[in-house]
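Structure assessment
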Amino acid sequence: MLPALLLVIGLSVGLFTPRDVRPDAFLATAMISAAALLPLWGTVLIGVGACAIFVGLMVDFDSLQDATAYSELATLAAIAVFAVFFNRLLGRRAHQLVQVRSVAETAQLAVLHPVPRHLGPVTLESLYLAAAAEARIGGDLYEAIRTPYGVRLLIGDVRGKGLLAIQAAATLLSAFREAAHDAPDLPHLARRLETSMSRHARQYPEVPGSENVERFITALLAEIPDDEPVVRTVTCGHPPPLLLHRGEVRELQPADPSPPLNLGMLVGDGYHVDLAPFHPGDQLLLYTDGVTETRDRSGAFYPLVERIRSWSSEAPHQLLDHLHRDLIAYSGGELDDDIAALVARRRLSS
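Now for a quick tour of the structure. Note that the coordinates shown come from a computational prediction; the quantities given were computed from them, not determined experimentally. Sequence order as written defines the numbering, with residues in each chain counted from 1. Where totals are concerned, whole chains, interfaces and linings use all residues; where local detail is concerned, this predicted model gives features only for residues with pLDDT of at least 70, and gives and counts side-chain atom pairs only at 80 or more. Only heavy atoms go into the side-chain values, all of them from the structure, while hydrogens and water stay out.

Let's shift gears to the overall build of the chain. Scanning the chain from N- to C-terminus turns up 9 helices and 11 strands. Expressed as a percentage of the 350 residues in the chain, the buried residues total 45%. Between two residues, a contact is recorded if the distance between any of their heavy atoms is within 4.5 Å. In the chain, the proportion of contacts linking residues at least 24 apart, taken out of those at least 6 apart, comes to 70%. The Shrake-Rupley method, run with a 1.4 Å probe sphere, supplies the accessible areas, and residue values consider only the shown protein chains as cover. Carbon and sulfur atoms make up 59% of the accessible area of the chain, which amounts to about 17,400 Å² in all. Strands here are runs of E lasting at least two residues and helices are runs of H or I lasting at least four, both read from the DSSP assignment and numbered beginning at the N terminus. Here the term buried applies to any residue with accessible area under 20% of the maximum for its type, exposed to any over 50%, and partly exposed to those in between, with areas from a 1.4 Å probe on protein chains only.

Attention now goes to the pairing of strand β3 (residues 140–147). Counting buried positions along β3 gives 7 out of 8 residues, so the element sits mostly inside the fold. Here the rule is simple: two strands pair whenever DSSP picks up at least two bridges between them. Inspection of the sheet shows β3 paired to strand β4 (residues 150–158) by 8 bridges, in the antiparallel sense. Along β4, the bridge assignment pairs Arg146 with Val151. Turn length for the β3-β4 hairpin, with the two strands adjacent in sequence and antiparallel, is 2 residues.

Our focus in this paragraph is the packing of aromatic side chains. Two rings belonging to Phe, Tyr or Trp (six-membered ring only in the last case) form a pair when the distance between their centres is within 6.5 Å. Interplanar angles under 30 degrees mark stacking, angles over 60 mark edge-to-face geometry, and anything in between is tilted. This structure, assessed with the given rule, holds 2 aromatic pairs. Both rings, one in Phe82 and one in Phe86, keep their centres 5.9 Å apart while their planes meet at 5°; by these two values the pair is stacked. Of this pair, Phe82 and Phe86 both sit in helix α4 (residues 67–111), 4 residues apart, which is roughly one turn of that helix. Judged by its relative accessible area of 45%, Phe82 falls in the partly exposed class. Ring centres 5.2 Å apart and planes at 85° place the aromatic pair Tyr302 and Tyr330 in the edge-to-face group. Of the two residues, Tyr302 is situated in the loop between α7 (289–292) and α8 (304–308) and Tyr330 in helix α9 (residues 316–331); the sequence distance between them amounts to 28 residues. When sorted by exposure, Tyr302 lands in the same class as Tyr330, which is buried.

Below, the discussion takes up the layout of surface pockets. Points on a 1 Å grid over protein atoms alone make up a cavity when a 1.4 Å probe fits among them but cannot get out, and a pocket when they form an open set with protein on both sides within 12 Å along at least five of seven lines; lining residues each have an atom within 4 Å of a point. Grid points are joined across faces, edges and corners, and a volume is the space filled by probe spheres set on the points. In this structure, the largest pocket occupies an estimated 190 Å³ of space. Along the walls of the largest pocket sit 15 residues, with Arg19, Arg22, Leu57, Phe61 and Ser63 positioned nearest its centre. Of all the elements in the fold, those that place two or more residues in the lining of the largest pocket are α3 (40–60) and α4. Only Asp, Glu, Lys and Arg are considered charged, only Ala, Val, Leu, Ile, Met, Phe, Trp, Tyr, Cys and Pro nonpolar, and every remaining residue, Gly among them, polar. Taken together, the residues of the lining of the largest pocket sort by class into 8 nonpolar, 3 polar and 4 charged.

Turning our eyes to something else, we now look at the sheet that holds strand β2 (residues 122–129). Ordered in space as β1-β2-β11-β10-β7-β8, the 6 strands form an open sheet in which the pairing is antiparallel. The outermost strands of the open sheet, each flanked by one partner alone, are β1 (118–119) and β8 (248–251). The pairing of strand β7 (residues 242–245) with strand β10 (residues 283–287) spans 3 bridges and is classified as antiparallel. Directly across from Leu242, in β10, lies its bridge partner Leu285.

This part covers α9. To estimate how far a helix should reach, multiply one less than its number of residues by 1.5 Å. For α9, with 16 residues, the first-to-last C-alpha span of 22 Å sits near the 22 Å given by 1.5 Å per residue. Pro316, Leu319, Leu320, Leu323, Asp326, Leu327, Tyr330 and Ser331 are the residues of α9 that are buried. Each buried residue of α9 sits inside an arc of 130° when the element is viewed along its axis, so together they form one side. Looking at α9, the residues exposed on the side facing more than 90 degrees away from the buried face are Arg325 and Ala329. Here, the arc refers to the directions that run from the helix axis to the C-beta atoms.

The axes are straight lines fitted to the C-alpha atoms, using for helices just the contacting stretch, and the angles between their N-to-C directions are given from 0 to 180°. For the pair helix α1 (residues 2–16) and α3, interaxial distance at closest approach is 10 Å and the crossing angle is 5°. When the axis of α1 is compared with that of α3, the two are roughly parallel. Here Pro3, Ala4, Leu7, Leu11, Gly14 and Leu15 of α1 lie close against α3, whose contacting residues are Ile46, Ala50, Ile53, Leu57 and Asp60. Residue composition of the contact of α1 with α3, by class: 9 nonpolar, 1 polar and 1 charged. Oblique is the label for any angle not under 35 degrees, not over 145, and not in the 65 to 115 range, which are roughly parallel, roughly antiparallel and roughly perpendicular in turn.

Let us now look at the packing of α1 against helix α2 (residues 24–37). Taken N-terminus to C-terminus, the directions of α1 and α2 make an angle of 175°; their axes are 8 Å apart at the nearest point. With respect to α2, the element α1 is oriented roughly antiparallel. Two secondary-structure elements touch here, α1 through Leu2, Pro3, Leu6, Leu7, Ile9, Gly10 and Val13 and α2 through Phe26, Leu27, Thr29, Ala30, Ser33, Ala34 and Leu37. Residues that form the contact of α1 with α2 fall into these classes: 11 nonpolar, 3 polar and no charged.

With that out of the way, let us pick up the sheet that holds strand β9 (residues 274–277). Here 5 strands make up an open sheet; going across it, the order is β3-β4-β5-β6-β9 and the pairing antiparallel. For this open sheet the edge positions go to β3 and β9, each flanked by a neighbour on one side alone. Strand-to-strand, the axes of this sheet are offset by a mean angle of 20°, without reference to chain direction. Bridging between strand β6 (residues 230–236) and β9 involves 4 bridges; their strand directions are antiparallel. Across the sheet, Arg232 pairs through a bridge with Leu275, a residue of β9.

For the rest of this paragraph, the subject is the side chain of Glu72. Among the structural elements, Glu72 can be located in helix α4. Those residues in contact with Glu72, other than ones at most four positions away along the chain, are Arg22, Asp24 and Phe54.

Below you can see the structure in the form of structure tokens.
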């Protein structure tokens, strides 16, 4: 409505103000705003309307012999032509942006698959929030796979941003999807992932940020067997998962955490497996550090354990909905880092 409103203001200025008060500025602004806000036909219509209004004012004020009036009319006509050109340019850019976003969304689906809602005895739900409003993919990742050893979960966070981070995330996810099916236990699986990430880093020795000390991934592996009420975890420099049991929330701190992936040279005696009870109805929350490092306006970190306690009995999708809204509200809508979370709930026996 803004371009049409400006035309009405320009007409009113021409009709109801002294003759030396010119409506040209309002008419020109109407055409430029139309180029930015309206489709091509709307821009043409506003341009024609602006010129028609000025010609009508020339007739009304008997200025058909005034050279200055014709000069102003020519200027308005030139602005109308520029507005049409500008509108087409913006239209092409908008079309290119739609194509780029479509490619980005396809790339995200190729790298970060939606997790299945049900795998064996486990119900799953995931959450991904990009710090940048237009972002689609980044260095946070998660995956869930049904294997002969139960449901195996992965959540990770690549150090750094940009294309190298996305490449590292894609490499880790591909390695996990392949190795999760036949690695006999979580330490073997972690070593397979470590090998894949080391090979990936060595492919780019000349690229800044690809060295082992610069390109690593914090990760958490979890295994939920079908026939045992337990969960096994291996922590590689990642925040500890939360166990939600009958309204209580407990951090599953690792007894002997390992370094992040791609820093395997720092592993001494191998990867340590932590064991915790995981009964029907219990839920496991895996998350990246973007959750706990979210700050409010005073700079205080997000108190995840405290906030999640009131939602611990909710179904996985409702729990993550609460978490999503709460993180946005807590940060004032200004997330500083990407956020990923994965909830696994052992279903009650039928």
